Amino acid sequence: MNAQNTSVHIRLWQYEFWLLAFSELLLSMSVCMLLPTLPRWLAEEQNLSGFETGLVMGVFGLGLFVLGGFVSYLVQRFRRNLVCVHAMAFMAALLLVLYYLDTQHYQFADFSLLLLLRFIMGAVFGLSQMVLCSTLIIDTCESFQRTEANYASAWFGRFALSLGPVAGLLLLRFFDYGTVFLAAAACAVVSMVLVLLMKFPFRTPDDDVTVVSLDRFFLPHGFPLMLNLWLITLAFGLVLSLTLSLEFYAMIFAGFIGAILCWRFMFRDAEIKSEVVSGLILFGAALLLIITRNSLPIVGYAAPAFIGLGMGLIGSRFLLFFIKLSRHCQRGTSQSTFILGWESGIAIGLGLGFCFFNEHSQYALLTALLLVIGALIVYQFSHNWFVKNKNR
């Protein structure tokens, strides 16, 4: 349990796993391309206030929870890959609705329609993520490879947090908002095609399967860890609510790469608390640099790299915590719980940033710093709780 690394199995990285890993990357990119671009579109093209923009962005995080209780029933009652494919197709259709609204120049979309659109987008994205990561990817590998499969596939989704915004900002720089929405829809469609290329046999459902359950959705005894994760991702979402440059997101990606290297070499035999503690310190240091030394050119590169490095370390370690906290046959449930904590925290943090700090970036950064400090304090307790309650 004190080992920092998961085992590396070359046999895991076969054709089927690559298909699903890239499907995860493209599906996440279809959402992340909107992080820096959709708020601008809402303000510039739809004439929404900062508070209204924040509600539209934040409601995505609430939508993630809506269909989770039905995941177990759906994947047992129907072919699991087709459940994922239909959710992805719905995701692409919603992005095309955004494209259609963008083409209606001189006509503002109804605010309630935009809220509903984002809420449903969160619901179908959450469903597709939970089925893809918690069921399909696990089904493609042997039991002794599953922890590594969960760990590796999560990195593809994490990369989308930087690659998606970079792609969105590049498209916006050379084209327009409609092109961004079309490209996001194309990512969802390609992700769907990659899943369709895989063959998953139909499995006879259990006799006692219920329509609504926590199976493959939420791990109740993981709630203390989820609260801790929420503090961190809320802070990250607040940072993402700021007007960030393409270079900022590119340096976050560089930080993610650094986190993989650090995980592989620096933290191999380190104390188990070290990754999260180091990640929070790096995140906090980045926020302090932006708050106090933002005029220095080097800060524009160092701070986002620190954020990427810190969030990469934190995300990968918390995922393993959830997996090791799960009991028998709860691996998929633990994966979904992590996804919910990670994605909803970022989305709600993003929404809160626009709602309350739209023109006050310093206050947003200070609030994020307080959340990081709070998360570091809470982690001292949640880690001890985890050690006492882990099952693997």
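The text that follows walks through the structure, step by step, so that each part is easy to find. (Residues numbered from 1 in each chain as written. Predicted model: local features only at pLDDT ≥ 70, side-chain atom pairs only at ≥ 80, totals over all residues. Heavy atoms only, no water.)

### Side note on the packing of aromatic side chains
We apply this condition: Geometry of aromatic contacts follows a simple scheme: Phe, Tyr and Trp rings, the Trp one being its six-membered ring, pair when their centres are within 6.5 Å, and the pair is stacked under 30 degrees between planes, edge-to-face over 60, tilted otherwise. A helix here means a DSSP run of H or I that spans at least four residues, while a strand means a run of E at least two residues long, and both kinds are numbered starting from the N terminus. Burial classes: relative accessible area under 20% of the type maximum marks a residue as buried, over 50% as exposed, and values in between as partly exposed (1.4 Å probe, protein chains only).
By the definition in use, this model includes 21 aromatic pairs. An angle of 40 degrees between the planes, with centres 5.8 Å apart, marks the rings of Phe60 and Phe125 as tilted. Taken together, the positions of Phe60 in helix H3 (residues 50–63) and Phe125 in helix H6 (residues 111–139) put the pair 65 residues apart, joining distant regions of the chain. The exposure class assigned to Phe125 is buried, which follows from its relative accessible area of 1%. Note on Trp155 and Phe256: the rings are 6.0 Å apart at their centroids and 75 degrees apart in plane angle, and the pair reads as edge-to-face.

### Digging into the packing of helix H2 (residues 34–44) against helix H7 (residues 146–174)
For any two helices packed against each other, one specifies the crossing angle of their axes together with the interaxial distance. Going by this rule: Axis geometry follows a simple rule: fit a line to the C-alpha atoms, using only the stretch in contact for helices, then measure angles between N-to-C directions, giving values from 0 to 180 degrees. The scheme is simple: roughly parallel for angles under 35 degrees, roughly antiparallel for over 145, roughly perpendicular for 65 to 115, oblique for anything else. Every residue pair with non-hydrogen atoms within 4.5 Å of one another is taken to be in contact. Asp, Glu, Lys and Arg are counted as charged, while Ala, Val, Leu, Ile, Met, Phe, Trp, Tyr, Cys and Pro are counted as nonpolar; the rest, among them Gly, fall into the polar class.
Taken N-terminus to C-terminus, the directions of H2 and H7 make an angle of 45 degrees; their axes are 7 Å apart at the nearest point. The angle between the axes of H2 and H7 places the two elements in the oblique class. Of the residues in H7, those touching H2 at Leu35, Pro36, Thr37 and Arg40 are Leu161, Pro165, Gly168, Leu169 and Leu172. For the contact of H2 with H7, a count of residues per class yields six nonpolar, two polar and one charged.

### A look at the packing of H2 against helix H5 (residues 80–103)
Note the following rule: Note on convention: the crossing is left-handed when the near helix lies turned anticlockwise from the far helix by less than a right angle, right-handed when the turn is clockwise.
Between H2 and H5, whose axes approach to 13 Å, the crossing angle comes to 35 degrees. As for how H2 packs across H5, the hand of that crossing is left-handed. Contacts from Leu34, Leu38 and Trp41 in H2 reach Leu95, Leu98, Leu101 and Asp102 in H5. A per-class count over the contact of H2 with H5 returns six nonpolar, no polar and one charged.

### As for the pattern of salt bridges
For clarity, the cut-off: We define a salt bridge as a contact between a side-chain nitrogen of Lys or Arg and a carboxyl oxygen of Asp or Glu at a distance within 4 Å.
Here the structure, examined in full by the defined rule, presents three salt bridges. Taking the shortest distance from any N to any O, the salt bridge between Arg317 and Glu275 comes out at 2.9 Å. Taken together, the positions of Arg317 in helix H12 (residues 299–325) and Glu275 in helix H11 (residues 274–293) put the pair 42 residues apart, joining distant regions of the chain. Judged by its relative accessible area of 0%, Arg317 falls in the buried class. Note on Glu275: relative accessible area 1%, which makes it buried.

### A closer look at the environment of Val193
With respect to the element layout, Val193 can be found in helix H8 (residues 177–196). Taking the C-alpha atoms as reference points, Val193 and Pro165, separated by 28 residues in sequence, lie 23 Å from one another.

### Describing the side chain of Arg80
Stated precisely, the cut-off is as follows: We define a polar contact as two N or O atoms separated by no more than 3.5 Å, with the added condition that, inside protein, one atom must be a possible hydrogen donor and the other a possible acceptor, whereas residues neighbouring each other in sequence contribute only through side-chain atom pairs.
Relative to the assigned elements, Arg80 resides in helix H5. Separated by 2.9 Å, the side chains of Arg80 and Asp139 make a polar contact. Contact partners of Arg80, with chain neighbours within four places excluded, come to Val75, Val131, Thr135, Leu136, Asp139 and Arg203.

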